[in-house]
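# Descriptive analysis of the structure
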Amino acid sequence: MSDKKSHLWIPDEEVQRLDKRLTARPKPRKVSFVEHGNKLSQSLMSIKTTLENVAADNSLSDMDLFVFNVELPEGEKIKDKKEIFDSTGMKIRAVKNVRSAIVTSTISQFEALRRKVDNYGRSGTGKTYFDYIEDFKPYIGNVKNSSELTRQMSKDIPPVSLDVQLMLIPNLDSSLYESALAKLVSKISSAEGSIQEEPYYLSDNTPVIRAIIPSTSLIRYENDPAIYRIEETDFFSVESSSVGTVDLSTLTLDDSVSIDDLPVVVVLDSGVSFPNGLSSVICQHWLPTDSSGGNAEHGTKVASRVAFRYLEQQLPTTTLTPRARIIDCNILDGSVPVNIFIKRIQLAVESFSEVAQIYNLSANAKTSIEGDEMSIVGYELDVLQFRKGVQFVVSAGNHDLWHVEQSLDDILDDDESRISAPADSMLAITVGSIVGVDHMNSLSQTNDIAPYSRRGPGFKGFSKPDLSAYAGTTILSGEFPLVPQDTYAMLMSNNGKLVPDAGTSFSAPVVAGDLAEVLSVIPQHDVLLAKALLYHNALPLWDVEDMDDSELAFAHNLYGRGLPSVDDSKYSSTSKVTFVRTGTLNKTTKERVSVYMPSILAAQVGRNVARVSVTCISSPPVDRTKGTEYLGAYIRASLKKSCDDGVSLSPVSPKYKEGRQKWDVCQQFSRLFSKFNAGDWQIWLELFSRWDDEYLDVPYALVVTIEDVSNTLDVYSEIELLNRYRPLNTMRIRLDNQQ
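What comes next concerns the included structure. From a predicted model like this one, the values you see are computed outputs, not experimental measurements.

About the thresholds
Residues numbered from 1 in each chain as written. Predicted model: local features only at pLDDT ≥ 70, side-chain atom pairs only at ≥ 80, totals over all residues. Heavy atoms only, no water. Helix = DSSP H or I, 4+ residues; strand = E, 2+ residues; numbered from the N terminus. Rg over C-alpha atoms; globule rule 2.2 N^0.38 Å. Buried < 20%, exposed > 50% of the residue type's maximum accessible area, 1.4 Å probe, protein only. Areas by Shrake-Rupley, 256 points an atom, 1.4 Å probe, with all protein chains shown as cover. Pairing = 2+ DSSP bridges. Axes fitted to C-alpha atoms, helices over the stretch in contact; angles between N-to-C directions. Parallel < 35°, antiparallel > 145°, perpendicular 65-115°, else oblique. Left-handed = near helix turned anticlockwise from the far one by under 90°. Contact = heavy atoms within 4.5 Å. Patch = residues over 30% accessible without salt bridge, like charges linked within 9 Å, V, L, I, M, F, W, Y side chains within 5 Å. Salt bridge = Lys/Arg side-chain N within 4 Å of Asp/Glu carboxyl O. Lys, Arg positive; Asp, Glu negative; His and termini not counted. Charge placed at Lys NZ, Arg CZ, Asp CG, Glu CD. Disulfide = S-S within 2.5 Å. Phe/Tyr/Trp six-rings, centres within 6.5 Å; stacked < 30°, edge-to-face > 60°. Lys NZ or Arg CZ within 6 Å of the ring centre and 35° of its normal.

Another point: the overall build of the chain. When you go through the chain residue by residue, the secondary structure sums to 17 helices and 36 strands. Against the compact-globule benchmark of 27 Å for 739 residues, the chain has a radius of gyration of 28 Å, which places it among compact chains. In the chain, which comprises 739 residues, the share counted as buried stands at 59%. Carbon together with sulfur atoms contributes 47% to the accessible area of the chain, which is approximately 29500 Å² in total.

In structure tokens:
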């Protein structure tokens, strides 16, 4: 970009903050209370009988507690029916989906519930409650199993033993957990299983036991009312192998760069070892007390991408220009089980969140995500990001389908190519790989998704990855995998060599470093705004105007929003003006944000002369116990344009629904204009929430760009002369979006 201009800050004076009236309109349901009451009564009797039949395996048997499932009719939502549960003594412990919840009641409350249902069936008493309960069901059996565990157990010859995570019913009292855990530990031992570590607790205080059990005993845990979910244990490790080609040990750093002024990125990996001439880029080496440390082979390659982006593009000079400093957190010392993996990540963030906001994590589970359940590690990353105000950049994960499939289409059609944990994290930036150079025998060519790169969708069908970056490709040479050399494949090894390697592990750090570059020019280092700018200015690898919604969604699930553009994220230009703002919204407020459409652009004659693009990213609370209703809030963004009278506004309908899904953390759209009016346009922002207090403030970052498509007009100067918007590089941003 030749004419770099500062982005423009939207001040409070350009924002109308309005009160929002909350309304709820229950729809009457036409059911026969006699027939429906009889159905519900039989269902409650079935629950009681079922629990009596599994009493021997009930780890809550001494606790005066029944656990069961409540389902609402189609179209009804658990979040809107709190009074039903309050009035009947049922306590919601977990939400499975929008109309299904796992509840508990004491034995006396359960008997009272049965009497109320009987009265309802006789006289219709309690219609306002029981009309809206579709059914009661026991919560036992293989419905508790993850899809991968179900797949393993459905094989003709199931595995002899299973390494599982036994997750207890969420949101119980500590005394109940203490008793249930003791019984579970005893049962595991008596059923010839073995506990691998002490029980650990998720961030929502739900206990989890990791155990190896005989597969024949799985039914005893499926039928235990204390168990909420059973899934196979994920292990996290990194693999890296390649032969060095060029010696980098004599390289030094550009002494014109002030190392101390560079942004910091934490690399959570297997250790980092740079040659002496480059080692000052590493601020600190950190090792958790329970780890012997990794061999630095994979971590060094990752860190070299963070610090130097594509190394070969700086050669053959003997000095390298760094863009970020590295904190080396050596957390991967082999195959690390999920509970230890989470503990080490938490300790690293706790240790460095005061000095570093960006965390690169290039390690994934071996299997695809389930989709309807947020992964354990994905949830824990989201909690850390929400509570600590940090940003994780994670790899989409790799698969080996390219070893056996004959085409890229065949790979993408296989469900096993879907992203793997923790790439489903809603608040993290998930990064996939794109091939940058054609190579013979590669299933992917230039600008294709790499043959190994996992694709979306992510959790609950939301688009993943978020962004992509160029990386090396892989081919088979006979029976052996090979990474051909090109600019995007070459990395720094732990013995100071330039080596080829490939994987989404080496695309994520490109984006982590890009984010650090953008963050370095933002006042007070607002990482949510840096993330919004990176998303907003991503370069798509497709022609959006020729796509329909389904085609655009498919592209997003391969490439995310496209390739990051650091310069566009950092700077406006004379013909392309970007407005930015951060703030907070809650359930009772909404905002109308004004941006100015310049007259010089409105006077243009022709088709598609202007483009307006909008990106709004939020950082809402999350709750894994809410199942598919995981995200606590989302912010809807809409565009209004000036009318002929210069006063009123008319809505602008975006061309695509894709990019504007409900309950996603990002709302993004763009629209071309041929004939339009100058003056004040507005972006309307409105927050919708599910579970939390209506006054909970959710941080957001808004980015709006007005662009002359011909790239010939000076639209920046006209806006600048208004003196309504301040250059971003001259001010301090209030810290509304810090937790």
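Taken in spatial order, the five strands line up as β2-β29-β34-β31-β32 in an open sheet, and their pairing is antiparallel. Looking at strand neighbours, the two that pair on one side only are β2 (15–19) and β32 (649–652), the edges of this open sheet. Neighbour-to-neighbour, the strand axes of the sheet open up by a mean angle of 30°, direction not taken into account. By the bridge criterion, five bridges tie β2 to strand β29 (residues 589–597) in an arrangement that is antiparallel. By the bridge assignment, valine 15 is partnered in β29 with valine 593.

We now examine the packing of helix α1 (residues 33–53) against helix α3 (residues 107–123). Remark: α1 packs on α3, axes separated minimally by 7 Å, with the N-to-C direction vectors making an angle of 160°. Overall, the two elements α1 and α3 adopt an arrangement that is roughly antiparallel. α3 is crossed by α1, and the crossing has left-handed handedness. Residues Phe33, Val34, His36, Gly37, Leu40, Ser41, Leu44, Met45, Ile47 and Lys48 of α1 touch α3, and the partners they reach there are Phe110, Glu111, Leu113, Arg114, Val117, Asp118, Tyr120, Gly121, Arg122 and Ser123.

So, about the sheet that holds strand β5 (residues 100–105). As summarised here, the arrangement of the four strands in space is β4-β5-β3-β6, forming an open sheet in which the pairing is antiparallel. A strand with exactly one partner marks an edge of an open sheet, and here the two such strands are β4 (91–97) and β6 (135–138). Pairs of neighbouring strands in the sheet enclose a mean axial angle of 30°, with direction left out of account. Looking at chain direction, strand β3 (residues 66–71) and β5 are connected through six bridges and run antiparallel. Residue pairing in the sheet places valine 67 in a bridge with threonine 104 of β5. Strands in contact with α1 are β3 and β6; relative to β6, the strand with the most contacts, it is inclined by about 10°. Against the sheet, α3 contacts β3, β5 and β6, and its axis sits at roughly 35° relative to β3.

What follows deals with a negative patch on the surface. A grouping of Asp543, Asp546, Asp548 and Glu551 is seen on the molecular surface, where their side chains present a negatively charged patch. Of note, glutamate 551 is situated in helix α14 (residues 549–559). Judged by its relative accessible area of 39%, glutamate 551 falls in the partly exposed class.

What follows is about the side chain of asparagine 557. Position of asparagine 557 among the secondary structure elements: in helix α14. On the basis of relative accessible area, asparagine 557 is assigned to the buried category, the value being 13%.

This next bit is on the state of the cysteines. Under the counting rule described, the total for this entry stands at zero disulfides. Its sulfur unpaired, cysteine 329 is 11 Å from the next cysteine sulfur, which belongs to cysteine 283. The exposure class assigned to cysteine 329 is buried, which follows from its relative accessible area of 0%. Among the cysteines around cysteine 666, which has no disulfide bond, cysteine 616 carries the closest sulfur, lying 7.9 Å off.

Moving on: the packing of aromatic side chains. All chains considered together, the criterion is met by 21 aromatic pairs. Judged by centre distance (6.4 Å) and plane angle (70°), the rings of tyrosine 379 and tyrosine 630 are edge-to-face. Of this pair, tyrosine 379 sits in helix α10 (residues 376–388) while tyrosine 630 sits in the loop between β30 (610–618) and β31 (633–642), and the two are 251 residues apart along the sequence. Each member of the pair tyrosine 379 and tyrosine 630 is classed as buried. With a centroid separation of 5.4 Å and an interplanar angle of 20°, the aromatic rings of tyrosine 634 and phenylalanine 688 are classed as stacked. With tyrosine 634 in strand β31 and phenylalanine 688 in strand β34 (residues 679–689), the pair connects residues that are 54 residues apart, well separated along the chain. With relative accessibility at 24%, the residue phenylalanine 688 sits in the partly exposed group. A cation sits over an aromatic face here: arginine 592 above tryptophan 684, 3.7 Å from the ring centre. The lysine or arginine in question, lysine 640, covers the ring of tryptophan 684, its NZ or CZ lying 4.5 Å from the ring centre.

With that settled, consider the pattern of salt bridges. Counting across every chain of the model gives 41 salt bridges. One salt bridge in this structure joins lysine 79 and aspartate 80, with 3.1 Å as the shortest N-O distance. Here arginine 229 ties to glutamate 370 by a salt bridge, and the two come within 2.8 Å at their closest N and O atoms. Of the two residues, arginine 229 sits in strand β11 (residues 227–232) while glutamate 370 sits in the loop between β20 (358–361) and α10, which places them 141 residues apart along the sequence. The class of arginine 229 is buried, set by a relative accessible area of 6%. Assessed through its relative accessible area of 28%, glutamate 370 is described here as partly exposed. Salt bridges linked by common partners bring Asp57, Lys187, Arg220 and Asp224 together as one network.

That is the geometry; function is a separate question.
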